[in-house]
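Examining the three-dimensional arrangement
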Amino acid sequence: MITLALSKGRIFDETLPLLRAAGIEVLDDPDKTRKLILATNQPEVRVVLVRATDVPTYVQYGGADLGITGKDTLLEHTAEWGGNAGLVQPLDLQIAKCRISVAVREGFDYAAAMRQGSRMTVATKYVGIAREFFASKGVHVDLIKLYGSMELAPLTGLADAIVDLVSTGNTLKANHLVEVEHIMDISSRLVVNQAALKLKTAPIRQIIDAFAAAVATQH
Ligand code: AMP
């Protein structure tokens, strides 16, 4: 049995066409079922639904053989666990593309704050990425970990800046925030458990190769 860990929403939706191209059809709609293990048209392949931030953990510890997760989630997982031993990253699937950026309230002089080295407070779900980014600039910041609605932090005075994912920029605009730094581009990656790859090489390789071919034809 091959187990693929996915999270509901954007990643699941954008993975379906890649699965289809690999000849794998998920038999349940995750929005209509409460099942967490979904069968596919291939009796030896199943999908498990986990929280986005849990995908690297499932794959690293072998709860799933493969998983699809954002580069953002993967970097945070690595920062938190001091490495990603046992996780092989064979493929950039080029789905769920966005960027991770620093944003501030309209009118906040970010450039001056950075220049003067004034100790900014930065709210984010991405503490590892933010810590590394500001350290690389030689700027000390106080980080506040949030789990959602980051946009609210500069508006309520909780923080001077946020580090968050940006796609169209509409969410920032709607909340009178402006993007002041583009930290990195993000897309979803296929991750594979290293031991599973050794033990079940042929079926896992087949999925990796089918995904690679699907990505190549879609871009
Ligand atoms: P947008 O308004 O299009 O810039 O989207 C920004 C909002 O969507 C933010 O709340 C982000 O956290 C979220 N978001 C954007 N792109 C992604 C993505 N690829 N994966 C997960 N969340 C995203």
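Residues numbered from 1 in each chain as written. Predicted model: local features only at pLDDT ≥ 70, side-chain atom pairs only at ≥ 80, totals over all residues. Heavy atoms only, no water.

Looking at the pattern of salt bridges
To keep it simple, the criterion reads: Any Lys or Arg side-chain nitrogen located within 4 Å of an Asp or Glu carboxyl oxygen qualifies as a salt bridge. Here a helix means four or more residues in a row that DSSP labels H or I, a strand means two or more in a row labelled E, and each is numbered from the N terminus. The buried label goes to any residue with under 20% of its type's maximum accessible area, the exposed label to any with over 50%, and the partly exposed label to all in between, with areas taken from a 1.4 Å probe on protein chains only.
Under the criterion given, the structure shown has nine salt bridges. K200 is paired through a salt bridge with D65; the nearest N and O atoms lie 3.1 Å apart. Residue K200 is found in the loop between α8 (194-199) and α9 (201-218), and its partner D65 is found in the loop between α2 (55-60) and β4 (66-70); the two are separated by 135 residues along the sequence. Residue classification places K200 among the partly exposed residues on the basis of a relative accessible area of 27%. Residue classification places D65 among the buried positions, given a relative accessible area of 6%. Across the salt bridge formed by R99 and E179, the nearest N and O atoms sit 2.7 Å from each other. With R99 in strand β6 (residues 98-105) and E179 in strand β10 (residues 177-186), the pair connects residues that are 80 residues apart, well separated along the chain.

What to know about the site of the ligand
Condition: Think of it this way: one heavy atom of a residue within 4 Å of a molecule or strand is enough to make that residue near it. Distance and chemistry together define a polar contact, namely a pair of N or O atoms within 3.5 Å, with one atom able to donate a hydrogen and the other to accept it when in protein, and with adjacent residues in sequence counting only for side-chain atoms on both sides. Every accessible area reported is derived by Shrake-Rupley at a probe size of 1.4 Å, with residue values counting cover from the shown protein chains alone. Amino acids outside the nonpolar list (Ala, Val, Leu, Ile, Met, Phe, Trp, Tyr, Cys, Pro) and the charged list (Asp, Glu, Lys, Arg) are all regarded as polar, and Gly is one of them.
Around the ligand lies a shell formed by R10, A96, C98, E151, D164, L165, V166, S167, T168, G169, N170 and T171. A96 places a main-chain nitrogen or oxygen 2.9 Å from a nitrogen atom of the ligand. Here an oxygen atom of the ligand sits 3.4 Å away from a polar atom, N or O, in the side chain of E151. When the ligand is considered free in solution it has 490 Å² of accessible area, and contact with the protein chains removes 73% of it. Of the residues forming the shell around the ligand, the biggest block, three residues, is contributed by strand β9 (residues 161-166). Taken together, the residues of the shell around the ligand sort by class into four nonpolar, five polar and three charged.

Re α9
Applicable threshold: One fewer than the residue count of a helix, multiplied by 1.5 Å, yields its expected span. Here the arc refers to the directions that run from the helix axis out to each C-beta atom.
Helix length check: α9, at 18 residues, gives a terminal C-alpha distance of 25 Å against a target of 26 Å (1.5 Å per residue), a fit within 8%. If you check which residues of α9 are buried, you get I204, I207, I208, F211, A214 and V215. Projection of α9 onto a plane perpendicular to its axis shows the buried side chains occupying an angular sector of 125 degrees, all on one side. The outward face of α9, more than 90 degrees from its buried face, is lined by the exposed residues A202, Q206, A216 and T217.

Brief notes about the nonpolar core
Stated precisely, the cut-off is as follows: In plain words, nonpolar cores are sets of buried Ala, Val, Leu, Ile, Met, Phe, Trp, Tyr and Cys residues tied together by side-chain atoms within 4.5 Å. We call two residues in contact whenever any of their non-hydrogen atoms come within 4.5 Å of each other.
V47, L66, I68, L93, L190, I204 and F211 are the most contacted members of the largest nonpolar core, which has 30 residues in total. Broken down by element, this core gets its largest block of residues, six residues, from α9. Ignoring sequence-local partners within four residues, the contact set of L93 consists of L18, I68, S188, R189, L190, F211, V215 and H219. Judged by nonpolar contacts, the second largest core, of 20 residues, contains I100, M114, F133 and F134.

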